Amino acid sequence: MNNRLKEVALVFFKLGCFAFGGPAAHIAMMENEVVVKRKWMTRDYFLDLIGATNLIPGPNSTEMTMHCGHERAGKAGLFVAGIAFIFPAVIITGLLAYLYVEYGTLPQVEPFVLGIKPAVLAIIAAAVIKLGKKAIKTKELIIIGSLVLIASLLGANEVLALLSAGVLGTLYFYIKDKATSNLKSVSPLFLSLGLGTSLAKISALNVFLVFLKVGAILYGSGYVLFAYLDAELVTKGWLTRVELIDAIAVGQFTPGPVLSTSTFIGYQLSGVWGAIAATTGIFLPSFLFVLMLNPFIPKMRKSKVLRYFLDAVNVAAVAVMLAVLIIMAKETLLDWKTIIIAIGASFLVFKTKVGPIWTIIIGAVLGYVFSFL
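Source: prediction; values computed, not measured. (Residues numbered from 1 in each chain as written. Predicted model: local features only at pLDDT ≥ 70, side-chain atom pairs only at ≥ 80, totals over all residues. Heavy atoms only, no water.)

Q: Please set out the packing of helix α2 (residues 23-37) against helix α3 (residues 43-53) residue by residue, giving values where relevant.
A: The interhelical angle for the contact between α2 and α3, taken along N-to-C directions, is 145°, at an axis separation of 10 Å. Judged by the twist between their axes, the crossing of α2 over α3 is right-handed. Contact with α2, carried on its side by I27, M30, E31, V34, V35 and V36, involves R43, F46 and I50 of α3 and no other residues of that element. Residues belonging to the contact of α2 with α3 are distributed by class as follows: seven nonpolar, no polar and two charged. (Axes fitted to C-alpha atoms, helices over the stretch in contact; angles between N-to-C directions. Helix = DSSP H or I, 4+ residues; strand = E, 2+ residues; numbered from the N terminus. Left-handed = near helix turned anticlockwise from the far one by under 90°. Contact = heavy atoms within 4.5 Å. Nonpolar A, V, L, I, M, F, W, Y, C, P; charged D, E, K, R; others polar.)

Structure follows, in structure tokens:
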């Protein structure tokens, strides 16, 4: 393995061990690692990756690791980054699945989660501010971002909001450009793309096929994943709803992508091979989608109309992150303990050189200490 691949593996394995808080938090930590500390790419290009990633199915933060790995070490880097990021969550979730099947209980982690959640808010806030400064290029983009923020807070589908923002921005800037420019033509929209525990054991192949289907069509948050898995597993009698809720909980309090829930469920359904089949099935589409999409992102900037679309989607993506931050804050800051941890984390993030990972560790420790008060 060459030095760049080793660097990619170490960076994303570390993130995989400490990436709590969902996609917005993961992406915020990633931005700090690959843009601020290592300068693998500009913040503008990082924004382009976020915008494009939001438009394809699959776990956004995991797909962002693949894009970043590709930028640093080519196609091999894409696979190394994705696997390194997923690996810690899969191993931890697999061990918890074994304990759950054997003993029927999950470890008590609430005190640590109490501190991690408010710490994550500060990390997301810092990323929203930095990415927002790059995304907001015109007054019109401020308006588009504001509309997406309002729509997201009202419960609009994230992908629909992003696509609507992209179409609205493209039409507006195209018409504005035609009205103010003497250019006779603008590049066609797609020119630069070149694309016209008491369970009956289920076979590992069936487990793989179910999770492959979910991975290929999944958009949105862990709550959307819950709905998909409920339809695919509970209605078939493969899993009880209580067992599904426990599995989702595991995905929420372990680091890395919430889709590691699939490892837990796969083990419940078909043991070790079921865990491997479910994990492979749900993540495989993301590797393929990113592999196909990545080469076209730089080309999108060369087409004027696609540049309009990407600018609008980028500001919309930041607006969605801000909406997530607001919703998480309402759900998290419920007492003096969480408020104090959030204030302390904000100080660490904005006023010191303590990185996101140490901020999360300190938050977890404070959460544990405060649980005794």
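Right, picking up where we left off after that structure.
Q: Run through the nonpolar core, naming residues and quoting values.
A: F12, F46, F211, L225, L233 and I265 are the most contacted members of the largest nonpolar core, which totals 107 residues. Setting aside residues no more than four positions away along its own chain, F211 makes contact with L229, L233, S262, I265, A278, G281 and I282. (Core = buried A, V, L, I, M, F, W, Y, C linked by side-chain atoms within 4.5 Å. Buried < 20%, exposed > 50% of the residue type's maximum accessible area, 1.4 Å probe, protein only.)

Q: An account of helix α1 (residues 3-18) is needed here, citing residue identities and associated values.
A: One turn of the α-helix equals 3.6 residues, which is why residues spaced by three or four share an orientation. With 16 residues, α1 ought to run about 22 Å at 1.5 Å a step, and its terminal C-alpha atoms sit 23 Å apart, in line with that. When we look at burial in α1, the residues that qualify are L5, V8, A9, V11, F12, L15 and G16. In this fold, the buried residues of α1 make contact with α2 and α4 (60-103). Its side-chain oxygen at 3.1 Å from the backbone nitrogen of R4, N2 defines the N-terminal cap of α1. (Expected span 1.5 Å × (residues − 1). Polar contact = N/O pair within 3.5 Å; in protein donor to acceptor, adjacent residues only side chain to side chain.)

Q: Can you tell me about the pattern of salt bridges, naming the residues and giving the values?
A: What the rule picks out here adds up to 15 salt bridges. Members of the salt-bridge network, linked through shared partners, are E7, K14, E33, K37, R38 and R72. (Salt bridge = Lys/Arg side-chain N within 4 Å of Asp/Glu carboxyl O.)

Q: Could you give me a rundown of the state of the cysteines, with the residues and numbers involved?
A: Counting across every chain of the model gives zero disulfides. Free cysteine: C17, not disulfide-bonded; nearest cysteine sulfur from C68 at 17 Å. A relative accessible area of 27% places C17 in the partly exposed class. Judged by its relative accessible area of 0%, C68 is buried. (Disulfide = S-S within 2.5 Å.)

Q: Could you give me a rundown of unusual backbone geometry, with the residues and numbers involved?
A: Unlike most non-glycine residues, K39 shows phi in positive territory, near 55°. Structurally, the position occupied by K39 is in the loop between α2 and α3. Judged by its relative accessible area of 63%, K39 falls in the exposed class.

Q: So what's going on with the environment of H67? Which residues, and what values?
A: If you trace the backbone, H67 turns up in helix α4. Look at H67 and you get buried, because its relative accessible area is 0%. Along the primary structure H67 and A19 are separated by 48 residues, whereas in three dimensions their C-alpha atoms are 17 Å apart.

Q: Explain a nonpolar patch on the surface to me, using residue names and the numbers behind them.
A: On the surface, a cluster of nonpolar side chains totalling about 490 Å² of accessible area is made up of F112, V365, Y368, V369 and F372. At three residues, helix α15 (residues 356-370) tops the list of elements feeding residues into the nonpolar patch. Structurally, the position occupied by Y368 is in helix α15. (Patch = residues over 30% accessible without salt bridge, like charges linked within 9 Å, V, L, I, M, F, W, Y side chains within 5 Å. Areas by Shrake-Rupley, 256 points an atom, 1.4 Å probe, with all protein chains shown as cover.)

Q: Hey, could you go over the side chain of D48 for me, with residue numbers and the actual values?
A: Tracing the chain through its elements places D48 in helix α3. Among the residues examined, D48 registers a relative accessible area of 3% and is labelled buried. Separated by 2.6 Å, the side chains of D48 and R301 make a polar contact. Those residues in contact with D48, other than ones at most four positions away along the chain, are I297, R301, L310 and N314.

Q: Explain the environment of V354 to me, using residue names and the numbers behind them.
A: Note on placement: V354 falls in the loop between α14 (336-351) and α15. Once residues within four sequence positions are removed from consideration, V354 is found in contact with L348 and T359.

Q: Which residues make up the side chain of D177, and what values go with them?
A: Assignment of secondary structure puts D177 in helix α7 (residues 158-180). Residue D177 is classed as buried on the basis of its relative accessible area, which comes to 15%.

By themselves, these observations are geometric and do not establish any function.
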